[in-house]
Amino acid sequence: MRLQGVVDHELQSLDLNLLRVFDAIFQTRSVTIAASNLHLTQPAVSKQLNRLREVLEDPLFVRTTDGMAPRHVQKPSRAPSGRR
């Protein structure tokens, strides 16, 4: 499949610094604090986040009142109680 080859190529050429930015935002829930922790400016981190969003074709984070929240968060499933 040609499409799979394109996706593989994009992931192989992915700038690993973008993953550091993702991790910093994930940990801090803030682009500004992540930038400070990475010794970068807030606009630079924002630009890198946008580049990662484009490569992965996913918004990754959503802005909330508590900061930047990961878009895909799995809620823990309830263990079966064994009752019917």
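Parameters at a glance
- Residues numbered from 1 in each chain as written.
- Predicted model: local features only at pLDDT ≥ 70, side-chain atom pairs only at ≥ 80, totals over all residues.
- Heavy atoms only, no water.
- Core = buried A, V, L, I, M, F, W, Y, C linked by side-chain atoms within 4.5 Å.
- Buried < 20%, exposed > 50% of the residue type's maximum accessible area, 1.4 Å probe, protein only.
- Helix = DSSP H or I, 4+ residues; strand = E, 2+ residues; numbered from the N terminus.
- Contact = heavy atoms within 4.5 Å.
- Salt bridge = Lys/Arg side-chain N within 4 Å of Asp/Glu carboxyl O.
- Expected span 1.5 Å × (residues − 1).
- Polar contact = N/O pair within 3.5 Å; in protein donor to acceptor, adjacent residues only side chain to side chain.
- Phe/Tyr/Trp six-rings, centres within 6.5 Å; stacked < 30°, edge-to-face > 60°.
- Lys NZ or Arg CZ within 6 Å of the ring centre and 35° of its normal.

K.L.:
Help me out: how do you make sense of the nonpolar core in this one?
P.N.:
In a soluble, globular protein the nonpolar side chains are often hidden away together inside. Core analysis: the largest hydrophobic core is formed by 15 residues, its most contacted members being Ile25, Val31, Val45, Leu49, Phe61 and Met68. If you list the elements that add at least two residues to this core, you get helix H2 (16-28), helix H3 (31-38) and helix H4 (42-56). Apart from residues lying up to four places away in sequence, methionine 68 is in contact with Ile25, Arg29, Val31, Leu49, Arg53, Phe61, Val62 and Arg63.

K.L.:
Can you walk me through the pattern of salt bridges in this structure?
P.N.:
When their charged atoms lie close together, side chains carrying opposite charge are able to pair. Inspection of every chain in the model, using the stated rule, returns two salt bridges. For the salt bridge of aspartate 15 with arginine 51, the shortest nitrogen-to-oxygen distance reads 3.6 Å. Taken as a pair, aspartate 15 in the loop between helix H1 (2-12) and H2 and arginine 51 in helix H4 lie far apart in primary sequence, 36 residues in all. Owing to a relative accessible area of 26%, aspartate 15 belongs among the partly exposed residues under this scheme. Using a relative accessible area of 36% as the deciding quantity, one classes arginine 51 as partly exposed.

K.L.:
Help me understand the environment of leucine 40, please; the structure alone is not making it clear to me.
P.N.:
In this structure, leucine 40 sits in the loop between H3 and H4. Once you skip the residues sitting within four places of it in the chain, leucine 40 turns out to touch Ala35, Val45 and Gln48.

K.L.:
Would you mind going over H2 with me for this structure?
P.N.:
Think of an α-helix as 3.6 residues a turn; residues three or four steps apart then line up on the same face. Helix length check: H2, at 13 residues, gives a terminal C-alpha distance of 19 Å against a target of 18 Å (1.5 Å per residue), a fit within 8%. Buried residues belonging to H2 abut H3, H4, strand E1 (61-64) and strand E2 (67-70). Two or three places before asparagine 17, at the start of H2, stands the capping residue aspartate 15, its side-chain oxygen 2.9 Å from that residue's backbone nitrogen. Immediately beyond the C-terminal end of H2, within one or two residues, lies arginine 29, with a positive phi of roughly 60°.

K.L.:
Help me out: how do you make sense of the packing of aromatic side chains in this one?
P.N.:
When we look at a pair of aromatic rings, we describe it by the centre distance and by the angle of the planes. Under the criterion given, the structure shown has two aromatic pairs. Arranged with centres 6.0 Å apart and planes meeting at 20°, the rings of phenylalanine 22 and phenylalanine 26 form a pair that is stacked. Of the two residues, phenylalanine 22 and phenylalanine 26 both sit in helix H2, four residues apart, roughly one turn of that helix. On the numbers, 5.1 Å between centres and 40° between planes, the contact of phenylalanine 22 with phenylalanine 61 is tilted. Note that phenylalanine 22 is positioned in helix H2 and phenylalanine 61 in strand E1, a separation of 39 residues in sequence. With relative accessibility at 3%, the residue phenylalanine 61 sits in the buried group. Members of the aromatic cluster, connected to one another through ring pairs, are Phe22, Phe26 and Phe61. Over the aromatic face of phenylalanine 26 sits the side chain of arginine 29, whose NZ or CZ is 4.7 Å from the ring centroid.

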